[in-house]
Amino acid sequence: MPDAHSAGLCASEAAMRLHRDGPNLLPQPDRRGWPRMVLDVVREPMLLLLVAAAVLYLLLGDARDAAILGASVLLVIALTLYQELRSERALQALRDLSSPRARVLRDGVERMMPARDLVVGDRISVTEGDRVPADARVVDGELELDESLLTGESMPVRRIADTDDAQSTDRSGTIHADTIRAGTLVVRGHGMAEVTATGANTEMGNIGASLRTLHTERTPLQREMRRVVALFAMIGIASCVLMIVLYGWLRDDWLQALLAGITLAMSNIPEEFPVVLTVFLALGGWRMARQRVLVRRPPAIEALGAVTVLCTDKTGTLTENRMALQEITTTHRAATAPGDAHDDASRVLLRCARLASAHATHDPMDRAILDATVSDAIPIVCVRRYPLSSALPVYTNAWRIDETSPLLIAAKGAPETVAMLCSLEPEALADVMAQASAMAQRGLRVIAAAEADWPHDTALPDDARGFRLRWRGLLGFADPLRAAVPDAVAEARAAGVRVVMLTGDHPDTARNIAAQAGLSERPRVGLGLELMALDDKAFAAAANEIDVFARVRPEHKLRLVEALKAQGAVVAMTGDGVNDAPALMAAHVGVAMGARGTDVAREASSIVLLDDDFASIVRAVRMGRTIYDNIRRAARYIIAVHVPITGLALLPLLLDAPLILLPLHIVFLEMIVDPACSFVFEREPPAKNIMRRPPRAPDARMIDVATFAGSVGHGLIAFAAVLGVYLLAGRSGLHTSQQGALAFTALVIGNLTLIVSYRSGGSLWQALRQPNPAFAIVSALTLALLIAINLLPGPGAWFGFAPPSLSWLSLAMTTPVAVLLAVDLIARRFMRRI
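Summary of the structure given here. Quantities reported herein were computed from a predicted structural model and do not represent experimental measurements.

About the cut-offs
Residues numbered from 1 in each chain as written. Predicted model: local features only at pLDDT ≥ 70, side-chain atom pairs only at ≥ 80, totals over all residues. Heavy atoms only, no water. Pairing = 2+ DSSP bridges. Helix = DSSP H or I, 4+ residues; strand = E, 2+ residues; numbered from the N terminus. Axes fitted to C-alpha atoms, helices over the stretch in contact; angles between N-to-C directions. Core = buried A, V, L, I, M, F, W, Y, C linked by side-chain atoms within 4.5 Å. Buried < 20%, exposed > 50% of the residue type's maximum accessible area, 1.4 Å probe, protein only. Contact = heavy atoms within 4.5 Å. Salt bridge = Lys/Arg side-chain N within 4 Å of Asp/Glu carboxyl O. Phe/Tyr/Trp six-rings, centres within 6.5 Å; stacked < 30°, edge-to-face > 60°. Lys NZ or Arg CZ within 6 Å of the ring centre and 35° of its normal.

## Some points on the sheet that holds strand S24 (residues 607-609)
Strands sit in the order S10-S24-S23-S22-S11-S19-S21-S20 across an open sheet of eight strands; the sheet is mixed. In this open sheet, the two edge strands, each paired with only one partner strand, are strand S10 (293-295) and strand S20 (525-527). The average undirected angle you get between the axes of adjacent strands in this sheet is 20°. In terms of strand pairing, S10 meets S24 through three bridges, oriented antiparallel. From the neighbouring strand, Leu294 faces S24, where its bridge partner is Val608.

## Considering the nonpolar core
Met288, Ile607, Phe614, Tyr637, Phe744 and Ile755 are the most contacted members of the largest nonpolar core, which totals 111 residues. Per-element accounting of this core gives the leading share, 21 residues, to helix H22 (residues 614-655). Setting aside anything within four residues of it in sequence, one finds Phe614 in contact with Leu310, Thr312, Thr317, Leu318, Val485, Ala488, Val489 and Val499. Residues Leu294, Val309, Val552 and Ala586 belong to the second largest nonpolar core, which totals 28 residues.

## Points about the pattern of salt bridges
One pass over the structure, following the stated rule, counts 26 salt bridges. For the salt bridge of Asp366 with Lys412, the shortest nitrogen-to-oxygen distance reads 2.8 Å. Of this pair, Asp366 sits in helix H12 (residues 364-372) while Lys412 sits in strand S16 (residues 407-413), and the two are 46 residues apart along the sequence. Classification of Asp366 as buried rests on a relative accessible area of 6%. Overall, the relative accessible area of 8% leaves Lys412 in the buried class.

## Points about the pairing of strand S2 (residues 109-114)
Here strand S1 (residues 101-106) pairs with S2 via six bridges, running antiparallel. Counterpart to Arg103 in the pairing with S2 is Met112. Hairpin remark: S1 followed by S2, antiparallel, with two residues in the connecting loop; positive phi at Asp107, about 55°.

## Focus on the packing of aromatic side chains
Under the counting rule described, the total for this entry stands at four aromatic pairs. Measuring from ring centre to ring centre gives 5.3 Å for Trp454 and Phe467, while their planes differ by 90°; the resulting arrangement is edge-to-face. Separated by 13 residues along the polypeptide, Trp454 in strand S17 (residues 444-454) and Phe467 in the loop between S17 and strand S18 (470-478) bring together distant segments of the chain. Across the pair, exposure class does not vary: Trp454 and Phe467 are buried alike. Both rings, one in Tyr637 and one in Phe681, keep their centres 5.4 Å apart while their planes meet at 45°; by these two values the pair is tilted. Separated by 44 residues along the polypeptide, Tyr637 in helix H22 and Phe681 in the loop between helix H23 (663-680) and helix H24 (705-731) bring together distant segments of the chain. Of the two residues, Tyr637 and Phe681, neither departs from the other in class, the shared state being buried. The ring of Phe539 has Arg559 lying over it, and the distance from NZ or CZ to the ring centre is 4.2 Å. Lying over the aromatic face of Tyr628, Arg696 brings its terminal NZ or CZ to 3.7 Å of the ring centre.

Shown next as structure tokens:
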């Protein structure tokens, strides 16, 4: 790479290239612009019925009502577009948050930035666990990549710098051996690379063009909503046809029959259901992102409310991931603080631990060792690194001191594994394991260090098992529990969510942290290797009985998830490493760490914690329950509110009276129903007992038979109040236009009262004490328009109403409230007796 570019691109040059080439994005499914949104709205059945009603008014010679309906069409389009745009903005905010990020060298400074802003010529830093963000060529370092996403080959390929003449072949032809491709995974090593292609110009971009044809599978909630909409649609079509036939046959006025049929169909169209689902999930995901919880897949919001088991890592999730070297122990000295250790054995232990650490690292334990030790004055060179693996949890470095001296081998890792590599005698092994247990019981994370010599002229072995290591001692690190964790664990357990801790640490360390967190009263700690030796039946029993697992590897996580799911649990699993991806994908809710997690873990997850905090997971569960509750409230309200509207549309036919509800009246009611669903219920705060009740059953229906019947019952009560006002006004000799005004007023007030009732889950008394600004706005505007319609000649004439007296208007406004309040009070007393 030319020296002129060693500092990376400057900001102005990068901006110019970004403008020229466009963002580094794969071809995306088409986003809906204004024209498509308008077209989708115009094709809605409600709008088509409004247009048909306007045409009928013209045929009847009523140009004024036709014009009013035309204006209503524009108003409905505007309101729907506002809701669509609000949802789209929330979804776009989530897309921006979930955009992959890259470490980029700009103006000589390495910074994290969205991968979409990468341009050709940028220098990027990639390391183990990263997903390569763009096509590039390696200019420094050595990498091994999994290119199976592109080539289908499962074996990693090696990519190194400065090999312009070396070539290899893959399915796309001959490529340079320093070429790395967007979308491939770094499985080992780290290095710098220069971006050569972005977006659609990458190899992945050619494949990504097929994304435009992909369609996501509907979630259970979406499928249930479709069933409800289909049911309402069938009821609406049947009642519409019946109304037209009966009205035309009984009254011999087929144009009025069509108008009555259209009005009835409009009253039955449940177009609010898809609006509710879209708006609630989009805005709910956006609100969760503001709480540092990024929802990558909408089904996760549904699953959150049903989570019964929450499996969490210890380090960095329950603890602060802020390591400090607190104690060291050698074979010649008891545990002591590293600053107080001045004997030769302690100095050898600390030097060994430093040489066994990765120097260019963000690992908190390595950083703690480097901070607590002094660099060797003699220049030495690392000739080989043996990284940690699931099979051998030991990190080893081989160092060359000079050309003639033996290589110095330094290793650190789990005490029992290092002890095994040192081939300790049984007595010595028992002694060091007792020391490790005592340190772990004090809440320390314990590792061991060892070293060896290796002839400088002999080939190095394939892994650390080939060395004869010499035991040097133990190191204990303090990683304090996050302050919010005990309260969060208590809240989760009160909500019926079992919390299971998984850690690679010593069992005593795990037990100590679990006790501090108040995680479980069961003292048993399960060891990963012991559990894996169990058969499926015994493992399932252990998974159900043990809340703390130590020495856990990624493959243990996957088996634990599968065992819990087989017992009917709804599982959330946290993870941050490359090998955690299978467990994250297998869990109902995979939770990746945003700060320390790998790209692969984030891609495999359905939720990303932007702050890696366990308390954020519990907040996510609470918000997931709240969102589901509010969707359910809105759905119950939609069912209930259509009952009195339909009843008032059918009433004139049954009583041989003039039509009360016309298309314009339905439009007015929709101006209440739609905002109530999308704004009022979406902003409803959680119930006070939301985290003191068990999770809902995963197969529970949002709208079951009992829920549907209860909502219809509420609607019938509201209709009874409207019917009572209508009949009382008729018997008192009021004109039909006044009678219609009073019935319509009672219907609107009943509508608002139903909103209050379902806001609080069915109790008017609770809702009256619970403020909701969105409801206050909707109610104020509705009441203002209602008063204008009843008291002002102009608006009253548009609706076909004559002004009633104030006493009658007061009666129409208070009757639905009084009836619903009385029923609510009776129901509460009845439930208390039960």
